[in-house]
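Coordinates in review
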Amino acid sequence: MINNVKAVLKRYIKEDSFLRVSLKIVYKFFIKCLNLPDYASELGFWRSWLPKNWERLSCQELQKIIFPKPLLIFINKLQNNGCGNLELLEIGSGPVSLLAWGVNKNLFHVVAIDALADSYEKIMKNYKYSYPIKPIKGYGERLPNVVNKKVFDIIYSSNALDHVVSPEKCLNNMFKVLKKRGGIFTWKDILMKVP
Ligand SMILES: C[S@@+](CC[C@H](N)C(=O)[O-])C[C@H]1O[C@@H](n2cnc3c(N)ncnc32)[C@H](O)[C@@H]1O
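It should be emphasised that the depicted structure is a prediction, and the values quoted were computed from it without experimental measurement. (Residues numbered from 1 in each chain as written. Predicted model: local features only at pLDDT ≥ 70, side-chain atom pairs only at ≥ 80, totals over all residues.)

1. Topic: the overall build of the protein chain
Within the protein chain, the secondary structure is distributed over nine helices and five strands. For the protein chain, the α and β elements follow one another from N to C terminus as α-α-α-α-α-β-α-β-α-β-α-β-α-β. Taking 195 residues into account, the globule formula puts the C-alpha radius of gyration at 16 Å, and the protein chain, at 18 Å, falls close to it. Considered along the principal axes of its C-alpha atoms, the protein chain spans approximately 60 × 35 × 25 Å. The contacts in the protein chain between residues at least 6 apart in sequence include a share of 72% that link residues at least 24 apart. (Helix = DSSP H or I, 4+ residues; strand = E, 2+ residues; numbered from the N terminus. Rg over C-alpha atoms; globule rule 2.2 N^0.38 Å. Contact = placed C-beta atoms within 7 Å.)

Structure representation (structure tokens):
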């Protein structure tokens, strides 16, 4: 429904026209007042950002640089304590998770969930992009339903808890699916700041 409305708007109202800009402002106002997630802006961001940055993102050198170092320290600690076959859950991975290098190096098995996973899959297919981490559609607020009784050694979420409707529910859910000696890593980290 929303996609149809957007397609009609795109067709008949020019990008920078006064009407288009006004409609965007009204949309953002309602989203904010009703405390709804702004998925349209998120998707719009990735649609324009991905093609511009794909070349460097698909380079393993860069994937290594952007891999979160505190996570690597924790993984080493778990491995030194004899934990193998680590299971990691990522919440709100976006289309290009920062954890790709870890998957390439077989440091863990990852389940990535994202509210916009289906749309990201379409974008990736459209450009014929392939990435080591493919998110599945899911919401941090309904985590146990998505992961189906699975428990994880590590739960990771960067720059996403500030995008969800209820960070509190997400955090509570994280603890429900975390193993006893597992670790939760969450912070605001912005991919665009990457060199
Ligand atoms: C700014 S992006 C961050 C992407 C990536 N983690 C990074 O650090 O670059 C936030 C992501 O959270 C996702 N998201 C928003 N609300 C969500 C929810 N309730 N559950 C899961 N993912 C959600 C959005 O679709 C978006 O892909």
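Now that the structure has been shown, we can carry on.
2. With respect to helix H3 (residues 39-57)
Taking 1.5 Å per residue as the helical rise, H3 with its 19 residues ought to reach 27 Å, whereas the 23 Å between its terminal C-alpha atoms falls clearly short. Along its length, H3 shows its largest kink, about 50 degrees, at Leu50, and proline Pro51 lies within four residues downstream of that point. (Expected span 1.5 Å × (residues − 1). Bend = angle between axes of the 7 residues up to and from the residue.)

3. A look at the domain arrangement of the protein chain
The domains assigned to the protein chain are domain 1 (2-57) and domain 2 (60-188). Across the boundary between the two partners, domain 1 contributes twelve residues, which contact 14 residues of domain 2. For the side of domain 1 that touches domain 2, a count of residues per class yields eight nonpolar, one polar and three charged. (Domains from an automatic or database assignment. Nonpolar A, V, L, I, M, F, W, Y, C, P; charged D, E, K, R; others polar.)

4. Side note on the sheet that holds strand E5 (residues 178-187)
Strands sit in the order E3-E2-E1-E4-E5 across an open sheet of five strands; the sheet is parallel. If you trace the sheet from one side to the other, it starts and ends with strand E3 (136-137) and E5, each paired once. (Pairing = 2+ DSSP bridges.)

5. Observations concerning the confidence of the model for the protein chain
On average, the protein chain scores 89 in pLDDT, and the residues at 70 or more come to 95%. Model confidence for the protein chain, summarised as mean pLDDT per element, is weakest for helix H1 (residues 2-12) at 72 and strongest for strand E2 (residues 109-114) at 98. Counted against residues more than four places away or in other chains, residues 191-195, with its pLDDT under 50, gives five contacts. (pLDDT = per-residue confidence, 0-100.)

6. Structural notes on the nonpolar core
Formed by 26 residues in total, the largest nonpolar core has its most connected members in Leu88, Leu89, Phe108, Val110 and Ile154. Residues contacting Leu88, with those up to four places away along its chain left out, are Phe108, His109, Val110, Phe152, Asp153, Ile154 and Tyr156. (Core = buried A, V, L, I, M, F, W, Y, C linked by C-beta atoms within 7 Å. Buried ≥ 20, exposed ≤ 12 C-beta atoms within 10 Å, placed from the backbone.)

7. A look at the pairing of E2
Along a regular strand, successive side chains alternate from one face of the sheet to the other. The buried fraction of E2 is high, at five of six residues. Two elements, strand E1 (residues 87-91) and E2, share five bridges in a ladder whose sense is parallel. Note that in E2 the partner of Leu88 across the bridge is Val110. Note that E2 and E3 share two bridges and pair parallel. In the strand pairing of E3, Ile113 is matched with Ile136. In this fold, E2 hands off to helix H7 (residues 117-127), which returns the chain to E3; that crossover is right-handed. (Right-handed = clockwise from strand over helix to strand, strands pointing away.)

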